Amino acid sequence: MLEIEYEFGDKDLVHYNELQIDKSEDLQKKLKRNRLVFPGVLALFGLFLWVYYSDYRTALYIVTISICWAVVIPQIIILSFRKQVLNSYTKEEKDAMFGHYTLRIDPKALAEISPSGKNKMPWKTILRIEHIRDYIHIVLDNGAALVIPIEKVTSGEVKDFSRQVKKMIDLYG
């Protein structure tokens, strides 16, 4: 039986939720608006001042502000989202979520030992395994996912483990 051990922390939780941002049309619209629309209107106003009134200094200030807005505000929105993600969990939930995990491939289920206890996930409840950036996601049918940070794996071979999980999903799923 293949087994891996890894540490799961707040950075890893934020990573998974940031992937949800990439899929959220509403948040993508908000980021696009703050990155393009408002700064574009400001820049056009600055160019109007430059061309029509020959007010180079004010136009330069306005265009500089629009560029800073396009760069800084989306980053502030993302940082705010990260903070909201972490604040949405209680201390007890965080204690049960963050820490040392062990995943073992059994013939009938994927066995997990985590800070919250032992759990077995039958292969039919696992939809797929994904490799995204430096993480492996094992997606469950209830919408949740096991997020495995590859760089924090302390024992076991990740590639062999993920190949075997894929085989088990194909076999039983």
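Residues numbered from 1 in each chain as written. Predicted model: local features only at pLDDT ≥ 70, side-chain atom pairs only at ≥ 80, totals over all residues. Heavy atoms only, no water.

*Asks:* Explain the overall build of the protein chain here, please?
*Replies:* Per the secondary structure count, the protein chain includes five helices and eight strands. Starting at the N terminus and walking to the C terminus, you meet the elements of the protein chain as β-α-α-α-α-β-β-β-β-β-β-β-α. Relative to the compact-globule value of 16 Å for 173 residues, the protein chain shows a C-alpha radius of gyration of 23 Å, a clear excess of over 25%. For the protein chain, the spread of C-alpha atoms along the principal axes amounts to about 75 × 35 × 25 Å. Here the protein chain holds 173 residues, and the buried ones make up 36% of them. The contacts in the protein chain between residues at least 6 apart in sequence include a share of 57% that link residues at least 24 apart. When the accessible surface of the protein chain is totalled, it reaches about 11000 Å², and 59% of it is carbon and sulfur. Here the protein chain contributes 24 positively and 22 negatively charged side chains, and the mean placements of these two sets differ by 4 Å. (Helix = DSSP H or I, 4+ residues; strand = E, 2+ residues; numbered from the N terminus. Rg over C-alpha atoms; globule rule 2.2 N^0.38 Å. Buried < 20%, exposed > 50% of the residue type's maximum accessible area, 1.4 Å probe, protein only. Contact = heavy atoms within 4.5 Å. Areas by Shrake-Rupley, 256 points an atom, 1.4 Å probe, with all protein chains shown as cover. Lys, Arg positive; Asp, Glu negative; His and termini not counted. Charge placed at Lys NZ, Arg CZ, Asp CG, Glu CD.)

*Asks:* Sorry, what's going on with the side chain of N17 here?
*Replies:* Note on placement: N17 falls in helix α1 (residues 10-23). According to the relative accessible area criterion, N17 is buried, its value standing at 16%. Separated by 2.9 Å, the side chain of N17 and the backbone oxygen of L13 make a polar contact. If sequence neighbours within four positions are ignored, N17 has contacts with F81 and V85. (Polar contact = N/O pair within 3.5 Å; in protein donor to acceptor, adjacent residues only side chain to side chain.)

*Asks:* Which parts of the structure should I look at to understand the sheet that holds strand β3 (residues 109-114)?
*Replies:* Pairing between the strands of a sheet comes from backbone hydrogen bonds, and it takes one of two forms, parallel or antiparallel. Spatially, β4-β3-β2-β1-β8 is the arrangement adopted by the five strands of the open sheet, whose pairing is antiparallel. Edge positions in the sheet fall to β4 (117-122) and β8 (153-155), since each of these pairs with one other strand and no more. With direction set aside, neighbouring strand axes in the sheet form an average angle of 25°. Where strand β1 (residues 3-8) lies against β8, two bridges are found, and the strand directions are antiparallel. Of the residues in β8, the one forming a bridge with E5 is S155. Against the sheet, helix α5 (residues 158-172) contacts β1, β2 (99-105), β3 and β8, and its axis sits at roughly 55° relative to β2. (Pairing = 2+ DSSP bridges. Axes fitted to C-alpha atoms, helices over the stretch in contact; angles between N-to-C directions.)

*Asks:* I keep staring at the sheet that holds strand β6 (residues 135-140) and nothing clicks. Help me out?
*Replies:* Ordered by their spatial adjacency, three strands build an open sheet running β5-β6-β7, and the pairing between neighbours is antiparallel. Edge positions in the sheet fall to β5 (126-132) and β7 (145-149), since each of these pairs with one other strand and no more. On average, adjacent strands in this sheet sit at an angle of 15° to one another, irrespective of strand direction. Two elements, β6 and β7, share five bridges in a ladder whose sense is antiparallel.

*Asks:* Where do I start with the nonpolar core in this structure?
*Replies:* Proteins that are soluble and globular tend to have nonpolar side chains buried together. With 31 residues, the main nonpolar core has L103, L110, I138, I148 and F161 as its most contacted residues. Of all the secondary structure elements, the ones that give two or more residues to this core are β1, α1, α3 (56-87), β2, β5, β6, β7 and α5. When residues no more than four places from it in sequence are discounted, the contact partners of F161 are L2, E3, I4, L103, I105, L110, I138 and I148. (Core = buried A, V, L, I, M, F, W, Y, C linked by side-chain atoms within 4.5 Å.)

*Asks:* It is not clear to me how a nonpolar patch on the surface should be interpreted in this structure. Could you clarify?
*Replies:* On the surface, a cluster of nonpolar side chains totalling about 570 Å² of accessible area is made up of L44, L47, W50, V51 and Y56. Counting residues per element, the nonpolar patch draws most heavily on helix α2 (residues 25-53), at four residues. Turning to its location among the elements, L44 is positioned in helix α2. (Patch = residues over 30% accessible without salt bridge, like charges linked within 9 Å, V, L, I, M, F, W, Y side chains within 5 Å. Salt bridge = Lys/Arg side-chain N within 4 Å of Asp/Glu carboxyl O.)

*Asks:* When you look at the pairing of β5 in this model, what are you seeing that I'm missing?
*Replies:* It is a general feature of regular strands that their side chains alternate between the two faces of the sheet. The pairing of β5 with β6 spans six bridges and is classified as antiparallel. Note on β6: the bridge partner recorded for I126 is L140. Between β5 and β6, which pair antiparallel one after the other, the connecting turn spans two residues, and R133 there sits at a positive phi close to 55°.

On their own, these measurements won't tell you what the molecule is for.
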